[in-house]
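Coordinates in review
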Amino acid sequence: MITLKEALKLSKAELNNFKEELAKKIEANKDLNAYIDVNNVGEGVPIAIKDNIQVKDWSVTSGSKILQGYIAPYNATVIEKMLDAGLSPFGRVNMDEFAMGSTTESSFYGKTQNPHAGDRVPGGSSGGSAAAVGAGLAVAALGSDTGGSIRQPAAYCGIVGMKPTYGRVSRYGLGAYASSLDQIGPMTQNVEDAAILYDIISGSDAKDSTNAMRDDKVTPNLDADRKLTIAVLPKYVENASQDVKDAYAQAIEALKAAGHTIVEREMMDAKYDISAYYITATAEATTNLGRYDGIRYGNRVEGKNLEETYYLTRSEGFGDEVKRRILLGNFVLSSGYYEAYYVKAQKTRHLIKDEYAKIFEEVDLILSPVAPTVAPKFGELANPMDMYLSDIYTISVNLAGLPALSLPITKNSDGMPVGLQLIAKAYDEQTLFDGALSLEREVAYKA
Ligand code: GLN
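Residues numbered from 1 in each chain as written. Predicted model: local features only at pLDDT ≥ 70, side-chain atom pairs only at ≥ 80, totals over all residues. Heavy atoms only, no water.

**Quick notes on the pairing of strand E6 (residues 183–188)**
In terms of residue burial, E6 counts as a mostly covered element, since six of its six residues are buried. Bridge analysis of strand E4 (residues 140–145) against E6 gives six bridges, and the strand direction is antiparallel. Looking at E6, one finds that Ala140 is bridged to Thr188. Across two bridges, strand E5 (residues 160–163) lies against E6 in antiparallel orientation. Bridge assignment links Val160 to a residue of E6, and that residue is Thr188. (Buried < 20%, exposed > 50% of the residue type's maximum accessible area, 1.4 Å probe, protein only. Helix = DSSP H or I, 4+ residues; strand = E, 2+ residues; numbered from the N terminus. Pairing = 2+ DSSP bridges.)

**Comments concerning the site of the ligand**
As a structural note, the neighbourhood of the ligand is formed by 15 residues, with Thr146, Gly147, Ser149, Tyr177 and Tyr277 the closest of them. Separating an oxygen atom of the ligand from a side-chain N or O atom of Tyr277 is a distance of 2.6 Å. Alone, the ligand offers 290 Å² of accessible surface; in the complex the protein occludes 99% of this. Among the cavities detected, the one that contains the ligand is the largest cavity. Grouping the constituent residues of the shell around the ligand by class yields five nonpolar, seven polar and three charged. (Near = heavy atom within 4 Å. Polar contact = N/O pair within 3.5 Å; in protein donor to acceptor, adjacent residues only side chain to side chain. Areas by Shrake-Rupley, 256 points an atom, 1.4 Å probe, with all protein chains shown as cover. 1 Å grid on protein atoms, 1.4 Å probe; cavity = no way out; pocket = protein on both sides within 12 Å on 5 of 7 lines; lining within 4 Å. Sits in = over half its atoms within 2 Å of the grid points. Nonpolar A, V, L, I, M, F, W, Y, C, P; charged D, E, K, R; others polar.)

**Thoughts on the pattern of salt bridges**
Summed over the entire model, instances satisfying the criterion amount to 23 salt bridges. Of the charged contacts in the structure, one is a salt bridge between Asp57 and Lys56, with a shortest N-O distance of 3.9 Å. By relative accessible area, which is 56% here, Asp57 ends up exposed. When its relative accessible area of 42% is taken as the criterion, Lys56 is described as partly exposed. Glu362 is the salt-bridge partner of Arg265, the closest N and O atoms lying 2.7 Å from each other. In this pair, Arg265 is assigned in the loop between strand E8 (261–264) and helix H9 (271–288) and Glu362 in the loop between helix H12 (338–360) and strand E9 (365–369), connecting sequence segments 97 residues apart. Residue classification places Arg265 among the partly exposed residues on the basis of a relative accessible area of 24%. Using a relative accessible area of 51% as the deciding quantity, one classes Glu362 as exposed. (Salt bridge = Lys/Arg side-chain N within 4 Å of Asp/Glu carboxyl O.)

Quick look at the structure:
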């Protein structure tokens, strides 16, 4: 598959040919179930769009039954920015329902396969985006990351996934899961493409009240030879599988060989991240999903009266995982429990933020696992608690609002990709891309 950088240089005629071939290839690989549908808009370079980002006149459903029949009335800001830069939304890609999940198994459209092994998950929630890029069915894709949903599927599918600093990319037109954590970001074949797509979609937007209103850009400079100080976390990595530990050791050697300085640091037990995240995210999700009542959006199941219409619509429209989280979110926000759970989670969030800030006083980047294992087989994370625990390495980054990039390092003995992530200070995307380019060059991963 040609890269985004190459695709941006194609003539109109070449691009049209390319898009025709691409549509055929997607059709021939239907079993993967990465795309929900192909729906070419505009004349630009085709980009796959996660089903929670609004493209005017497209169906947009967040992978849910409850939004069947809903048509987006306007473009998300990221789509407007893409169109301005010569990129076109090309198709909707699969995801966990309302971006809640780590496997894409909870989608209304059925599961998506991992392009490296048909019996394994592509990760989630942006599993369709990652599978499409990993299978050579997309030049690049947009995903969204609330607690790892860009970085983890990228790692499972052997591609690059980047979560920007909170507020860098407009959330206008993104189906909200947990508004204080959600960010849209690029999923690409390499680090340079991630920087190019990040530059296109990021920037100020008055339509998003949490936007950072910053327009500084990064320069993806393959010749950059900055020497950085990078923290590694030996204790933190102990809970990971041998595959991930081996990749971690390999990445440390690669970073040293590239001339970077490695220092050892510690982070508090990631079990606190899980609690703080699942309380915060479900509390916000409960509030955000209150709008799906059968009246204003999508699918409605008529009842005898308004209350029964709400009840039937929501009972039939939401899947089990979404219902579980609505229940949990209502519980932690209810009077009597609010102080004990929600307020405590916010205090923990501050501790996590402070802990990162302290490490970043002395280092440029942190090297961390993305997930404890390679892509699991279907059904392996069927127990919700196992699924939540598999998020230990990604969620603290969202709680702290930091930018991070997941990139493939190696493959294990089964041929499954192992990815790791670099994490940077808030708004220091430039250093993130510089370090990632350097690591990518040194490990020379073969897709
Ligand atoms: N797996 C996490 C969750 O289910 C993260 C999802 C995401 O980033 N959207 O909440």
